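Coordinates in review
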Amino acid sequence: MALSLDAHLQAIWQKLTHAVSTRSPFTLMQLASVTGNAQPKLRTIVLRDFSPAPASLLFTTDARSAKVQEMRANPHVSLLGWDAENSLQLRLEGEACRVDERELRHAIWQTLRPSAQQLFHSPYSPGTILDAPEAACAGHASASLTDPPENFALIRIIVKRIELLDVSADPHQRCEFLLQAHGWAGRWLAH
Ligand SMILES: Cc1cc2nc3c(=O)[nH]c(=O)nc-3n(C[C@H](O)[C@H](O)[C@H](O)COP(=O)(O)O)c2cc1C
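Residues numbered from 1 in each chain as written. Predicted model: local features only at pLDDT ≥ 70, side-chain atom pairs only at ≥ 80, totals over all residues. Heavy atoms only, no water.

**Some remarks on the site of the ligand**
Around the ligand, the structure places Leu28, Arg43, Thr44, Ile45, Val46, Thr60, Thr61, Ser65, Ala66 and Lys67. A distance of 3.0 Å is found between an oxygen atom of the ligand and a backbone nitrogen or oxygen belonging to Val46. Across the complex, the protein chains shield 59% of the 620 Å² of accessible surface that the ligand would expose by itself. Put simply, the parts of the chain that give the shell around the ligand at least two residues each are strand E2 (40-46), strand E4 (55-62) and helix H2 (66-73). If one sorts the elements of the shell around the ligand by residue count, E2 sits on top with four residues. Its residues assigned to classes, the shell around the ligand shows four nonpolar, four polar and two charged. (Near = heavy atom within 4 Å. Polar contact = N/O pair within 3.5 Å; in protein donor to acceptor, adjacent residues only side chain to side chain. Areas by Shrake-Rupley, 256 points an atom, 1.4 Å probe, with all protein chains shown as cover. Helix = DSSP H or I, 4+ residues; strand = E, 2+ residues; numbered from the N terminus. Nonpolar A, V, L, I, M, F, W, Y, C, P; charged D, E, K, R; others polar.)

What follows is the structure in structure tokens.
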């Protein structure tokens, strides 16, 4: 049965809320940024938190990584997810900014596994050329893992546009939601 625009939007909020608490299709998303020489760059990230009002997502990253420099210079980003079980493609567009709220940084840091926390103590910036993969493990500082180190960056994406493509439906359904002063305005699109 075809869903209404509003039902699609509510389903998107539900799926994103679910994605940050349980491994589900949108827990991992592809994040695109734009490099300094206007080239698109994609990578996988883990959604760590989601809030529907205002719509925003959080992910963690190493402050030394290329994406942090890219998003500082050009905050426009796009995220893409694919829910294979329900045949849904979700595209989110918005602006990224670094979050320095102490309590939130601590709270998210505490949810990381020790092995993930350890990565932020590496003396090697992400993308450093190594002689061999094992070299990345050498020289890790045995710093306290209680507090987030400087390299631990929290990035918030304020979502401004959402696009859903449902290829389980016949005919396929494609719609977009644009953030306006009074809320989200949805409309159907040709696919
Ligand atoms: C399953 C998976 C999850 C990942 N999650 C993250 C993440 O949450 N944050 C992150 O910075 N990198 C994550 N990565 C690594 C990135 O995809 C990327 O390789 C790395 O951050 C370097 O990206 P950059 O050079 O564009 O900054 C993940 C990779 C995989 C395969």
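**Here we look at the pattern of salt bridges**
Under the criterion given, the structure shown has 12 salt bridges. Asp83 is the partner of Lys15 in a salt bridge, and the nearest nitrogen-oxygen pair spans 3.3 Å. A residue pair is termed long-range when its members are at least 10 positions apart, and Lys15 in helix H1 (residues 5-21) and Asp83 in strand E5 (residues 76-83) qualify at 68 residues. Assessed through its relative accessible area of 25%, Lys15 is described here as partly exposed. Salt-bridge contacts for Glu176 lead to Arg161; the nearest nitrogen and oxygen are separated by 2.7 Å. One end of the pair, Glu176, is in strand E8 (residues 173-180); the other, Arg161, is in strand E7 (residues 152-166), with 15 residues separating them in the sequence. An identical accessibility class is assigned to Glu176 and Arg161; each is buried. Residues joined in a network through salt bridges with shared partners are Arg91, Glu93, Arg161, Glu163, Arg174, Glu176 and Arg187. (Salt bridge = Lys/Arg side-chain N within 4 Å of Asp/Glu carboxyl O. Buried < 20%, exposed > 50% of the residue type's maximum accessible area, 1.4 Å probe, protein only.)

**Things to note about the packing of aromatic side chains**
Across all of its chains, the model carries five aromatic pairs by this definition. Seen from their ring centres, Trp13 and Trp184 are 5.8 Å apart, and the 65° between their planes marks the pair as edge-to-face. A residue pair is termed long-range when its members are at least 10 positions apart, and Trp13 in helix H1 and Trp184 in strand E9 (residues 183-189) qualify at 171 residues. When the ring of Phe120 is compared with that of Phe152, the centres are 5.2 Å apart and the planes differ by 80°; the resulting orientation is edge-to-face. (Phe/Tyr/Trp six-rings, centres within 6.5 Å; stacked < 30°, edge-to-face > 60°.)

**A short note on the pairing of E5**
The alternating pattern of E5 places Val77, Leu79, Gly81 and Asp83 on a buried face and His76, Ser78, Leu80 and Trp82 on a face that is not buried. As judged from the three bridges shared by strand E1 (residues 28-34) and E5, these two strands associate in the antiparallel manner. Each bridged residue has a counterpart across the sheet, and for Leu31 the counterpart in E5 is Leu79. As defined by bridge partners, E5 adjoins strand E6 (residues 88-99) across eight bridges and the pair is classed as antiparallel. Across the sheet, residue Ser78 finds its bridge partner in E6, namely Glu93. (Pairing = 2+ DSSP bridges.)

**Description of the nonpolar core**
Counting residues in each nonpolar core, the largest one holds 29 residues, and the members touching the most others are Ile12, Leu16, Leu31, Leu79, Leu90, Leu92 and Ile162. Those elements giving two or more residues to this core turn out to be H1, E1, E4, E5, E6, E7 and E8. It is H1 that provides the largest number of residues to this core, a total of six residues. Look past the residues within four positions of Leu16 in its chain and what remains in contact with it is Phe26, Leu47, Phe50, Leu90 and Leu92. (Core = buried A, V, L, I, M, F, W, Y, C linked by side-chain atoms within 4.5 Å. Contact = heavy atoms within 4.5 Å.)

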